[in-house]
Structure formats: C-alpha cells, structure tokens
Amino acid sequence: MLDALCQALSLSLQPVAVWRGDSLPAGVPEAKASGCIVPDLMAAAQGTPVAFRRETVGCPGGKRGLGLAAEMPEFMACFLSTGTGDRPGMAYKKDPGLAAAYFSQMPTPPPADYVVLWPLNRLPREITPWAILFLVDPQRLSALVTLANFDRADGQGVEVRFGAGCAQAVLYSLCHAAAGEEVCTIGLTDPSARVHLEDGNLLSFSVPYRRCLALEEAVKDSFLVKGTWRAIQKTL
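Given the structure is predicted, the values throughout are model-derived calculations rather than measurements. (Residues numbered from 1 in each chain as written. Predicted model: local features only at pLDDT ≥ 70, side-chain atom pairs only at ≥ 80, totals over all residues. Heavy atoms only, no water.)

A few words on the nonpolar core. In terms of nonpolar packing, the biggest core is built from 33 residues, with L5, W118, I132, F134, F205 and L224 touching the most fellow members. Listing elements by their share of this core, those giving two or more residues are helix 1 (3-9), strand 1 (16-21), strand 3 (114-119), strand 4 (131-136), helix 6 (138-147), strand 6 (184-187), strand 7 (203-208) and helix 9 (209-218). Setting aside anything within four residues of it in sequence, one finds L5 in contact with F134, L144, L147, C212, E216, V219 and L224. I37, V38, F52 and L188 belong to the second largest nonpolar core, which has 28 residues in total. (Core = buried A, V, L, I, M, F, W, Y, C linked by side-chain atoms within 4.5 Å. Buried < 20%, exposed > 50% of the residue type's maximum accessible area, 1.4 Å probe, protein only. Helix = DSSP H or I, 4+ residues; strand = E, 2+ residues; numbered from the N terminus. Contact = heavy atoms within 4.5 Å.)

Here we come to the pattern of salt bridges. Tallying each qualifying case throughout the model produces 9 salt bridges. A salt bridge links D151 to R211, with the nearest nitrogen and oxygen atoms 2.6 Å apart. Of the two residues, D151 is situated in the loop between helix 6 and strand 5 (158-160) and R211 in helix 9; the sequence distance between them amounts to 60 residues. The partly exposed category is assigned to D151, whose relative accessible area is 47%. Residue classification places R211 among the buried residues on the basis of a relative accessible area of 2%. Of the charged contacts in the structure, one is a salt bridge between D221 and K220, with a shortest N-O distance of 3.8 Å. What you see here is one network of salt bridges that share partners, running through E30, R53 and E55. (Salt bridge = Lys/Arg side-chain N within 4 Å of Asp/Glu carboxyl O.)

Now for empty space enclosed by the protein. Tallying each qualifying case throughout the model produces 1 cavity of 30 Å³ or more. Taken together, A31, K32, A33, S34, G35, C36, I37, D40, F52, T56, V57 and G58 make up the full set of residues lining the largest cavity. Each residue belonging to the lining of the largest cavity can be placed in one class, and the counts come to 6 nonpolar, 4 polar and 2 charged. (1 Å grid on protein atoms, 1.4 Å probe; cavity = no way out; pocket = protein on both sides within 12 Å on 5 of 7 lines; lining within 4 Å. Points joined across faces, edges and corners; volume = space filled by probe spheres on them. Nonpolar A, V, L, I, M, F, W, Y, C, P; charged D, E, K, R; others polar.)

This part covers helix 2 (residues 38-45). The buried fraction of helix 2 is high, at 6 of 8 residues. Taken as a whole, helix 2 has its buried residues at V38, D40, L41, M42, A44 and A45. Residues of helix 2 that are buried make contact with strand 1, strand 2 (50-52), strand 3, strand 4, helix 7 (165-178) and helix 8 (191-194). Immediately beyond the C-terminal end of helix 2, within one or two residues, lies G47, with a positive phi of roughly 120°.

Further remarks concern unusual backbone geometry. The residue S10 is not glycine, and still its phi comes out positive at about 50°. Of note, S10 is situated in the loop between helix 1 and strand 1. Residue classification places S10 among the partly exposed positions, given a relative accessible area of 29%. Located in the positive-phi region is L188, a residue other than glycine, with phi close to 65°. Relative to the elements of secondary structure, L188 occurs in the loop between strand 6 and helix 8.

Here we come to the environment of S222. Assignment of secondary structure puts S222 in the loop between helix 9 and helix 10 (227-233). The class of S222 is buried, set by a relative accessible area of 2%. The sequence separation of S222 and T146 amounts to 76 residues, and the corresponding C-alpha distance is 9.5 Å. The residues contacting S222, other than those within four sequence positions of it, are L147 and F150.

As a further point, take the pairing of strand 6. Here strand 6 shows two buried faces, one formed by C184 and I186 and the other by T185 and G187. Pairing of strand 5 with strand 6 involves 3 bridges; the strand directions are parallel. The residue of strand 6 that forms the bridge with E159 is T185. Handedness of the crossover joining strand 5 and strand 6 through helix 7: right-handed. Sheet topology places strand 6 next to strand 7; 3 bridges connect them, and they run antiparallel. Paired with I186 across the strands is F205, a residue of strand 7. (Pairing = 2+ DSSP bridges. Right-handed = clockwise from strand over helix to strand, strands pointing away.)

Take a look at the structure:
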C-alpha cells in the first residue's frame, strides 16, 4: 500500500494509518493512560500499533484532540492562556476568552470508542483507515506539500492550523475525511508536542485516506520522478 509514494520519499519512518471505530481490533494493545500521545505516535511510526479510548488518554486535551470527546474541560481555556492562581498557563492564547472561542470552533468527527494508530506495513488488509499520517523532515515535507497541489488549480491542498499536536496530527484529518474533504494538514507545530520529539526536524503531514490514494496514483506523472526531486532524494 502506497508503495510508490513511500519509495519516492525514501521514508525512514512508516506512515501511520489512523483508524477509528467502536470495537478494539484484535492484536492491538491499548495505550496506558499517560500524558501527551506524541510518543505513541512515534512508536507507531517505528512499528508498534497502539489503540486509544477515552479512558486511556491521560491528557484532557488529548481526548478532544483524538476525537474521543466532543467537549474540552472548562479549565483548559485558562490553561491554554493566562492560567489561574495555582496553575500557570501555557500562554498559547492571549486570554481565556480567545481560548474558549477556539475550542468552540474545533471540528468534531462522528462518535467512536477507539482510535488506532497502525504502522502502515502492519495494517490488516480488512481495515480501511480514515487517514494516513507521515512524520517527515523539511525535505520530504516539501515533496508532500507540492504533490498535494499537483492536481489542484487553487493551490490550497494543504493547511496549517493552530492546535495541540494531537489535533494537528489526527483530529483535523479525521474531520476532513468524515466530511469527504481532500485537504492535507501540516502539524506538530505545537511546542508542547515538540518537546516529546527526539528528532527536532520532524513535522506531521496528515492526509484523508481517499486523498492519499490519489496522491499515490499521481506519483508516476509528477515531479517525484524528475531530476530536481531525484537530486534531493540522493541526500535523504
């Protein structure tokens, strides 16, 4: 699956297939309740599948960022901004009102009990993912951004949206997939997510699955088989 794209990008990490549903697929371990899910995302890209349900996501924002909760806890508006007397804020938003307004505008996918992150080479044939998530350096990111606009006239095939790392990497693409939209999302720009990355060059690039199949088909006719990319590819 996605052999042409993976080969053209000379990927060092597996693409991560993102699936959601109401039952735990056989053979997939559940994550232990902890903090940020970025280490689990990295583990999936390195070959280890992991499943989440609301009760096993330790970060309150992570439940929302994985699409396992429809609302954000009230205290998160202060936490994202100015903080409270006994809890410092992150200062990612100017004030709690702006943070609350942002939360109210976050998209929500259809309800599901589980979200599973699978390394693509271990995805069972009977499972159709909702989205594919790439963890890539700037060189590979440049290729994905260019390819995502290869067959579009408007040049708007890719977005960068504010949000927690989990929302950027997972939630937004799940919502695009549910809506039948073909927009790709650059993520892991959240500083609180980036502290969990051992490789500071990595960003995420998330693609609704149907769109990813179109990108795979486009590889053979695109710049990815031409000289400019071939020269870059030799440096990867």
